[in-house]
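Spelled out from the first residue to the last, the chains are:
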Amino acid sequence: MSEKEIMTDKDEAVASPDCEETAVLEEAAAPSEGDAAPQTSKIKTMKERDLKKVVTAQRVFKIIAQVLLYLFLGVMALMIIFPFYWMIISSLKSVQEYELPIPTLFPTQGIMWSNYVEAVKAASLFNLFKNTVIVGVVSTILSLVITVISAFVFARLEFKGRDTLFAILLGTMMIPGELFTITNYVTVSKWGWVSTGSGNDITALQGFGVLIVPFLISIFYIYLLKQNFMQIPNELYLAAKVDGTKDLKYLWKVMIPLALPTLIPITILKMMGAWNSYVWPRLVSPTKYHLITNGLRTAFQDANTGVANIPQQMAAVTLVSIPLFLVFIFLRKYIMKGVSRSGIKG
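Here the structure is a predicted model, which means the values were calculated and not measured.

Counting its secondary structure elements, the protein contains 15 helices and zero strands. Looking at the protein as a whole, 29% of its 346 residues are labelled buried. Taking contacts inside the protein between residues at least 6 apart in sequence as the whole, the part at least 24 apart equals 68%. Total accessible area on the protein is roughly 22800 Å²; 69% of this is exposed by carbon and sulfur atoms.

Let's shift gears to the nonpolar core. Grouped together as the largest cluster of nonpolar side chains are 18 residues, with contacts concentrated most on Val148, Phe152, Leu225, Phe229, Tyr250, Leu251 and Met255. Secondary-structure elements contributing two or more residues to this core are α5 (125-156), α9 (219-229), α10 (234-242), α11 (247-258) and α12 (260-276). Not counting residues up to four positions away in its chain, the partners in contact with Leu251 are Val148, Phe152, Phe229, Ile256 and Pro257.

Now for helix α7 (residues 177-190). For an α-helix, the turn length of 3.6 residues means that residues three or four places apart are oriented alike. An ideal rise of 1.5 Å per residue puts 20 Å on 14 residues; α7 measures up with 20 Å between its terminal C-alpha atoms. At the exit of α7 stands Gly192, carrying a positive phi of roughly 80°.

With 12 residues, α11 ought to run about 16 Å at 1.5 Å a step, and its terminal C-alpha atoms sit 15 Å apart, in line with that. Restricting attention to buried positions, one finds in α11 the residues Tyr250, Leu251, Met255 and Ile256. Axial view of α11: buried residues confined to an arc of 150°, hence all on one face. More than 90 degrees from the buried face of α11, the exposed residues found are Lys249, Trp252 and Lys253. Residues of α11 that are buried in the fold lie against α5, α9, α10 and α12.

Calculation notes
Residues numbered from 1 in each chain as written. Predicted model: local features only at pLDDT ≥ 70, side-chain atom pairs only at ≥ 80, totals over all residues. Heavy atoms only, no water. Helix = DSSP H or I, 4+ residues; strand = E, 2+ residues; numbered from the N terminus. Buried < 20%, exposed > 50% of the residue type's maximum accessible area, 1.4 Å probe, protein only. Contact = heavy atoms within 4.5 Å. Areas by Shrake-Rupley, 256 points an atom, 1.4 Å probe, with all protein chains shown as cover. Core = buried A, V, L, I, M, F, W, Y, C linked by side-chain atoms within 4.5 Å. Expected span 1.5 Å × (residues − 1). Arc of directions from axis to C-beta.

Right, here's the structure in full:
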């Protein structure tokens, strides 16, 4: 045997124990097929358990969030409804029960339906209602005419400085309305529309005109309707001009019917604004031309003591609130639809 073969045999003899030890360690470290299956199932079980915990936590959080949401909505609903409830039950109480130190949440001394009859007589509700209807209807019609024509001009007609002028008009919306009250009062006073007595020194045209004219123009309504007009394709207008159609005819035949969902809420809101008007009529109108909100404020005060009959006043307020409540109940979808349509262009 050669020297090289002897050295190779020695190396193999020396290396063999290490190889055997490494193989043993590898066999010990490598799990068998029988051990791998339980470990995999344990991992899956742990993952499923963690997933269930996450899902359960999400469900609990969602339930808590819904409970808090409905609790908040319930509290806000009570805050809104309670004044109306208090108005109605107060209108059914006697003066003595209303003035008790501890208020009652329901009439305990009898239901006083007579408060409504006395309220109609004391406040002259029919005359106040007539004045309010005249001012509301006339101002709404004239305001609609001005609003429609102005919105059409800014939406369709092309002239120099159009956008600048419209931006200036929008800027006036940032001015508080109270500031306009001063300038409007000075203007109508110079025109001789403000009565200095009981109202006999001015005509009916002046008495109602002072309540109507200062508020015929609403920049907000013009902006609202202009946005709706801009949704109508301009190709219709150009085609109508090619056919020789006049602007007013195109406005009446095409644009107004298409913008009806916006015109309806504008009409409703304008009428409601006239119905609820208080400060301006109180400032410029004599008692003869007072609106319904003004009459409710002063009609129930005792001339000697100055103390108001609150139950009768609440009865009158309830009667006055019924028309607005019915308008909102039956026409609220038109209000929401018209406002939402006007904010979308395309």
